[in-house]
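Now for the letters of each chain:
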Amino acid sequence: MSDLPRFNLLARLLHWSMAAAILAMLLIGVAMVASLADYHVLVGVHRPLGLLILLLVVVRLANRWRHPPPTLPADLPGWQRRAAHASHVALYGLMLAMPIIGWAMLSAARDPVALGGSFVLPPILPHSPLAYAWLRALHGVLAYALFCLVLAHLGAALLHALIRRDGVFASMAPWRRRRPATGLRADA
């Protein structure tokens, strides 16, 4: 049996590290809304992690452009192909939009985005309480959309891994799939 096509190593590393970062961001975002006592500590983690995700998604898109993903199985129904494509476009769009909207929101609030020490990102919007309020609401709505897309992505991954067993999950899995043994067993 030949090896199934896989995403390249950088794509797999970026996928799984970003999955952890995005899950952390979603949980931190929920905790920020729920906890006034820990708000400043959580924001101190949320902002640089969001910018790291922004940087990583740009690297990931460049890698994807240079190394296209493996093709989907030929027997996958057309609607599932279209859903997979649309969900990936939406995921990448949200991974880009969420940090940029957060940065714009903070800029509109005149709240500097400090990344440690004296390194502060420049504002990307002028001060505007109205823009801040609108962007904050948008950031929250898009966070829910991202959460729903992540759940759908996880559901699709489990479908491919456990039910279809068609190699789609294995193409992004961090481990290498074992080849079936051929020939006689050593103890035979």
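Within every chain, residues take consecutive numbers counted from 1 along the sequence as written. Totals for whole chains, interfaces and linings use all residues, but because this is a predicted model, local features are given only for residues with pLDDT of at least 70 and pairs of side-chain atoms are given and counted only at 80 or more. To obtain the side-chain values, all non-hydrogen atoms of the structure were used and water was disregarded.

*Asks:* Is there a simple way to think about the confidence of the model for the chain in this case?
*Replies:* Low pLDDT means the predicted coordinates in that region are not meant to be read closely. A residue-level look at the chain finds 91% of positions with pLDDT of 70 or above and a mean pLDDT of 90. The least confident element of the chain, judged by mean pLDDT, is strand β1 (residues 113–114) at 83; the most confident is helix α3 (residues 78–108) at 97. Within the model, pLDDT remains below 50 along residues 183–188, and this stretch shows 0 contacts once partners closer than five positions in the same chain are excluded. One number per residue, pLDDT, summarises how confident the predictor is, and it ranges from 0 to 100. Here a strand is any run of E in DSSP of at least two residues, a helix any run of H or I of at least four, and the numbering for each starts at the N terminus. Any two residues whose heavy atoms approach within 4.5 Å are treated as being in contact.

*Asks:* Mind showing me how you'd approach the UniProt feature "transmembrane region" (unreviewed entry) in the chain here?
*Replies:* UniProt positions are given in the numbering used here, feature names are shortened, and annotations may be inferred rather than shown by experiment. UniProt's feature table lists "transmembrane region" (unreviewed entry) at residues 13–37, 49–66, 86–106 and 141–163, given in the numbering used throughout. For residues 13–37, the end-to-end C-alpha separation is 35 Å, with 88% helix and 0% strand making up the annotated structure. Overall, residues 49–66 shows 100% helix and 0% strand. The separation of its end C-alpha atoms is 25 Å.

*Asks:* What is the right way to read the packing of aromatic side chains from this model?
*Replies:* Here a ring pair, both rings aromatic, is described through the centre-centre distance and the interplanar angle of the planes. Two rings from Phe, Tyr or Trp (for Trp, the six-membered ring) form a pair when their centres are within 6.5 Å of each other. A pair whose planes differ by under 30 degrees is stacked, one over 60 is edge-to-face, and the rest are tilted. Considering all chains together, one arrives at 2 aromatic pairs under this definition. Where Trp-16 meets Phe-169, the ring centres are 6.5 Å apart and the plane angle is 75°; that geometry is what we call edge-to-face. One end of the pair, Trp-16, is in helix α1 (residues 9–34); the other, Phe-169, is in helix α5 (residues 168–172), with 153 residues separating them in the sequence. Exposure is judged per residue with a 1.4 Å probe applied to protein chains only, and the accessible area is read against the type maximum: over 50% gives exposed, under 20% gives buried, and values in between give partly exposed. Here Phe-169 falls in the partly exposed class, since its relative accessible area comes to 24%. With 5.9 Å between their ring centres and 50° between their planes, Phe-169 and Trp-175 make a pair best called tilted. Looking at Trp-175, the relative accessible area reads 52%, which means it is exposed.

*Asks:* Explanation requested: a nonpolar patch on the surface in the structure shown.
*Replies:* What makes a patch is a set of residues exposed beyond 30% relative accessible area and free of salt bridges, joined within 9 Å when like-charged and within 5 Å when nonpolar (Val, Leu, Ile, Met, Phe, Trp, Tyr). To measure how exposed things are, a 1.4 Å probe is used in the Shrake-Rupley method; for residues, cover is taken only from the protein chains shown. In the sections that follow, a salt bridge refers to a side-chain nitrogen of Lys or Arg positioned within 4 Å of a carboxyl oxygen of Asp or Glu. On the surface, Phe-147, Leu-151, Leu-154, Leu-158, Leu-162 and Ile-163 cluster together into a nonpolar patch covering about 610 Å² of accessible area. Its location among the elements puts Ile-163 in helix α4 (residues 129–164).

*Asks:* I tried to follow α4 on my own but got confused; where do I start?
*Replies:* Helical geometry: 3.6 residues make up each α-helical turn, so side chains three or four residues apart lie on a common side. The end-to-end C-alpha distance of α4, which contains 36 residues, comes to 50 Å, matching closely the 52 Å that a straight helix rising 1.5 Å per residue would cover. Where α4 is concerned, the buried positions are Leu-135, His-139, Leu-142, Leu-146, Leu-149 and His-160. Two residues or fewer past α4, Arg-165 is found with a positive phi of approximately 50°. To estimate the expected span of a helix, count its residues, drop one, and scale the result by 1.5 Å.

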